[in-house]
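Structure at a glance
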Amino acid sequence: MHDLRRRAQPDLQLAPLKHLGIHSALELTAVEQDAVAVGKSATTLTRRQPTGAVQIAVIRAGEPHYQRETDFLYAVGETPVPVGDRDALDRAAEWCRRH
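Below or above, wherever it landed, is the structure these notes cover. (Residues numbered from 1 in each chain as written. Predicted model: local features only at pLDDT ≥ 70, side-chain atom pairs only at ≥ 80, totals over all residues. Heavy atoms only, no water.)

1. Concerning the packing of aromatic side chains
Applied cut-off: When the centres of two rings from Phe, Tyr and Trp lie within 6.5 Å, Trp using its six-membered ring, the rings pair. Their planes under 30 degrees apart give stacked, over 60 give edge-to-face, and anything left gives tilted. Whether a charge sits over a ring depends on NZ of Lys or CZ of Arg being within 6 Å of the ring centre and within 35 degrees of the ring normal.
Applying the stated criterion across every chain, the model contains zero aromatic pairs. A cation over an aromatic ring shows up here: Arg-60 above the ring of Phe-72, its NZ or CZ 3.9 Å from the ring centre.

2. Here's the deal with the nonpolar core
Rules: Only buried Ala, Val, Leu, Ile, Met, Phe, Trp, Tyr and Cys residues count toward a nonpolar core, and they belong to the same one when joined by side-chain atoms within 4.5 Å. For each residue, the accessible area found with a 1.4 Å probe, counting protein chains only, is set against the maximum for its type, and the residue is called buried under 20%, exposed over 50%, and partly exposed in between. Any two residues whose heavy atoms approach within 4.5 Å are treated as being in contact.
Core analysis: the biggest nonpolar cluster contains 10 residues, these being Val-31, Ala-35, Val-36, Ala-37, Leu-45, Val-58, Phe-72, Tyr-74, Trp-95 and Cys-96. Non-local contacts of Leu-45, meaning those with residues more than four positions away in its chain, are made with Val-36, Ala-37, Lys-40, Tyr-74 and Trp-95. Of all hydrophobic cores here, the second largest spans five residues; its members include Leu-28, Ala-57, Ile-59 and Val-81.

3. Some remarks on the sheet that holds strand E2 (residues 63–65)
How we decide: Should DSSP find at least two bridges between two strands, the strands are regarded as paired. Under the DSSP-based scheme used, a helix requires at least four consecutive residues in state H or I and a strand at least two consecutive residues in state E, with every element numbered from the N terminus. Lines fitted to C-alpha atoms define the axes, with helix axes restricted to the stretch in contact, and inter-axis angles between N-to-C directions lie between 0 and 180 degrees.
Strand order in the open sheet formed by three strands is E2-E1-E3, and the pairing between neighbours is antiparallel. The sheet terminates laterally at E2 and strand E3 (79–83), the two strands that pair on one side only. Ignoring which end each strand starts from, the neighbouring axes of this sheet average 30 degrees apart.

Rendered as structure tokens:
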């Protein structure tokens, strides 16, 4: 299967997570223009359609944000960092893609 997913390159080092056995359970997909996530919070999106993934951070302007205020809304170019199985990651990535 050809993976067409766009992967963001934020200043976040994921290699150290390999020893935990979860490196393959992480997905980095930048929020695209006109994506479902733009202008919405993680809470709003989860209520709308649960993915099964757990977001551990959001990369904003190259910096990871682990604890976000309730009014933290996704913007184009940001990168959510979800953890989950392949199906959950695919569902979470859909929020970041252009529709």
